[in-house]
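Per-entry structural report
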Amino acid sequence: MGTGPPAEAADALKRMLDRYQERIKYYSKASQNNKRAYKTARYLTVVLGALVTLLASLSSAYFVRGTWVETGFDILTPLLAAGLAIVGGFSQNFQWGAAWSDMLIAAERLETERNRIAATLPGQIDAVKETALLDEMVMDETKAFFQRLFGSAGAGKPPPGGEGG
């Protein structure tokens with residue numbers, strides 16, 4: 001007894017659901033990493049900002065003048081300010097908060113589609129259409145990621161159908 005169209009449809013459905021699950025795992029993990037980086041950067045910004053302010057104030061206090069503590073504060077204050085600038089720069093460049101949000105939304109959208117496909121009978125699924133939808137969702141998130149990172153995706157490319165002009 002050979003495998004017929006129902007078995008092939010079930011295999012295609014399983015492969016598609018596995019592919020969805022793989023992408024969902026990727027976006028969920030990436031979202032968690034971005035969440036961790038975002039929160040760490042926010043905490044560091046608050047702590048370093050407060051320490052710079054505190055040390056700058058204490059270094060001008062009367063009771064530390066002429067002591068080793070004044071020298072320590074004079075060295076630590078700009079170092080902490082530099083650390084604050086570095087954390088702020090990385091946070092600005094990598095936009096972990098927006099990446100966290102967008103990747104979590106992408107994972108949820110993929111999960112919704114996976115659930116819809118899983119609830120559909122294997123014979124009623126257009127595997128080509130569903131695979132194209134998955135590819136389109138992944139490509140949309142990839143484009144959004146690079147737009148966030150670089151300010152635009154595909155800048156400088158000619159419009160479709162010609163070299164421009």
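Let me begin by describing the structure that accompanies this report. (Residues numbered from 1 in each chain as written. Predicted model: local features only at pLDDT ≥ 70, side-chain atom pairs only at ≥ 80, totals over all residues. Heavy atoms only, no water.)

1. Some remarks on the packing of aromatic side chains
The following threshold applies: To pair, rings of Phe, Tyr and Trp, with the six-membered ring standing in for Trp, must have centres within 6.5 Å; the planes then decide the type, stacked if under 30 degrees apart, edge-to-face if over 60, and tilted in the middle. Working rule: Lys NZ or Arg CZ, within 6 Å of ring centre, within 35 degrees of ring normal, means a charge sits over the ring.
Applying the stated criterion across every chain, the model contains 6 aromatic pairs. With a centroid separation of 5.1 Å and 80 degrees between ring planes, the pair formed by F145 and F146 is classed as edge-to-face. Across the ring face of Y26, the terminal group of R23 is positioned such that the distance to the ring centre comes to 5.0 Å.

2. A word on the pattern of salt bridges
The condition is simple: Think of a salt bridge as a Lys or Arg side-chain nitrogen and an Asp or Glu carboxyl oxygen that are within 4 Å of each other. Numbering of helices and strands runs from the N terminus; a helix is a DSSP stretch of H or I covering at least four residues, while a strand is a stretch of E covering at least two. For every residue, the accessible area (1.4 Å probe, protein chains only) is compared with the maximum for its type, and the residue is labelled buried under 20%, exposed over 50%, or partly exposed between those bounds.
If you walk through the whole model with that rule in mind, you get 8 salt bridges. A salt bridge links D18 to K14, with the shortest nitrogen-to-oxygen separation between them at 2.8 Å. Remark: K14 and D18 occur in helix 1 (residues 5-59); sequence separation between them is 4 residues, near one turn of the helix. On the basis of relative accessibility, which here comes to 41%, the residue D18 falls in the partly exposed class. R148 is the salt-bridge partner of E141, the closest N and O atoms lying 3.8 Å from each other. Like R148, E141 is buried.

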